[in-house]
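Structural overview for review
If you want the building blocks of each chain, they are given just below.
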Amino acid sequence: MMIQIAVLGYGTVGSGVVEVLNTNKDIIAKKAGEEISVKYVLDLRDFPGDPIQEKVVHDFEVILNDPEIRVVAEVMGGVEPAFTFSKKALMAGKSVCTSNKELVARHGTELLEIAKEHHVNYLFEASCGGGIPIIRPLHSSLTGDEIDEITGILNGTTNYILTKMIQEGSEFDQVLKEAQQKGYAERNPEADVEGYDACRKIAILSSIAFGKQVNFEDVYTEGITKITVSDIKYAKAMERCIKLLASSKRVGEDVYAMVSPVLVGKEDPLFSVNGVFNAIFVHGNMLGDAMFYGSGAGKLPTASAVVGDIVDEVKNGSTDVMASWSSEKLNLTDVKKARKQFFVRVQGDVQKDLDEVKRIFGAVEPIVIEDMAGEFGFVTEEMTEADFEAKSEESGKVISRIRIRHAE
């Protein structure tokens, strides 16, 4: 028997999904128990000369009204019309899977509830970490655990840019241009470099881990656009490197979520995750530490995760394979209360200004880089974000600050 599916969107990921299904046809049929065939591809464009053209439709209703279509893979991106199409497909009794983190972060709870009501599935493994399996382990393998931390490098573009800045000593703007030329960064890179993409992903992962809806708008987010070659020189002097980390952490009754550049030491497993790779570190009360690592972006890794969901939906039919989180909102604690150590750069001369810095920030050891006159750096003791802000204001000489991660 042949299972017919539809793919919404024939861009990078959509064409990848079709390629994976064709290339690995036999092994996929074995795993799914049935052969999977793409009957329709929905796109606004035509693709003359591409064998896919005979399957291209421009009207979603064709797919919606075809009883043969059991699974719809939504790889269009954006919130609309992806949300409307996904909702209609689920209500028509078709399972849906997606790589669309923006949609899952905004409407995931609602779509999961609709799927449950109509005895179909809504799966989104490819929405976080590209080809890295993380959603399934979080919801099925680790259900006996109380997860108290998820921290990850969740964006390949920013990790590539920071890696290049470290290796080549180049400034952000220059590396961004190169990344755009190579296709690692979008023409409009804002979602990546300002941290919004990582923010949506950590909101989804936190919702699964903590069982309640985490709104991405509530997650404190800072990107990498202000990181300079000078920051990287200090990081090297301290034998650390700078990563954009997305993190959510339970401390007692509080849950903090944040995206920001962080200094990571050599002993940390995230230290050596370079280039477009992603890694997600999970800590559970029974599990201890686990790390998931792999290609976080790119056509085929992401498409491979989408196809994994398609297979799951074909195999399980009306069985609910995705435990949804509660629609009750998880109230995140104000990050100003979170305790951290900070690496700080200040204007001034060590001989003249160190005493004043110590008066404000406590017993700190200066870090001096020879070719950087008129400033020095230091690492603070642990303090709350609010305390740091107050001390920074009192000093009036802070150039920049980067948080420090401690691998427990």
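Residues numbered from 1 in each chain as written. Predicted model: local features only at pLDDT ≥ 70, side-chain atom pairs only at ≥ 80, totals over all residues. Heavy atoms only, no water.

Digging into the environment of Asp192
- Within the secondary structure layout, Asp192 lies in helix H9 (residues 190–193).
- Beyond its immediate stretch of four places on either side in the chain, Asp192 contacts Asn155, Thr157, Thr158, Glu186, Asp197 and Leu244. (Helix = DSSP H or I, 4+ residues; strand = E, 2+ residues; numbered from the N terminus. Contact = heavy atoms within 4.5 Å.)

Describing the sheet that holds strand E1 (residues 2–8)
- One open sheet holds the six strands; their spatial order is E3-E2-E1-E4-E5-E6, and the pairing between them is parallel. Every other strand in the sheet has two partners, leaving strand E3 (56–57) and strand E6 (122–123) as the edge strands with one partner each.
- Pairing geometry for E1 and strand E2 (residues 35–42), over seven bridges, is parallel. Each residue of the ladder has a partner; that of Leu8, found in E2, is Leu42. (Pairing = 2+ DSSP bridges.)

Re the pattern of salt bridges
- Inspection of the entire model under this criterion finds 30 salt bridges.
- Among the ionic pairs, Asp231 bridges to Arg345, the shortest N-O distance being 2.7 Å. Linking Asp231 in helix H11 (residues 229–237) with Arg345 in strand E15 (residues 339–347), this pair joins segments that are 114 residues apart in sequence.
- According to the relative accessible area criterion, Asp231 is buried, its value standing at 3%.
- Here Glu385 ties to Arg403 by a salt bridge, and the two come within 2.7 Å at their closest N and O atoms. Taken together, the residues Glu385 in helix H14 (residues 385–395) and Arg403 in strand E18 (residues 398–404) connect sequence positions 18 residues apart.
- Judged by relative accessible area, which is 5%, Glu385 ranks as buried. (Salt bridge = Lys/Arg side-chain N within 4 Å of Asp/Glu carboxyl O. Buried < 20%, exposed > 50% of the residue type's maximum accessible area, 1.4 Å probe, protein only.)

Regarding the environment of Asp309
- Note that Asp309 resides in helix H12 (residues 299–316).
- Separated by 183 residues in sequence, Asp309 and Ala126 have C-alpha atoms that sit 8.4 Å apart.
- Beyond its immediate chain neighbours, meaning those up to four positions away, Asp309 contacts Cys97, Leu123, Phe124, Glu125, Ala126 and Arg136.

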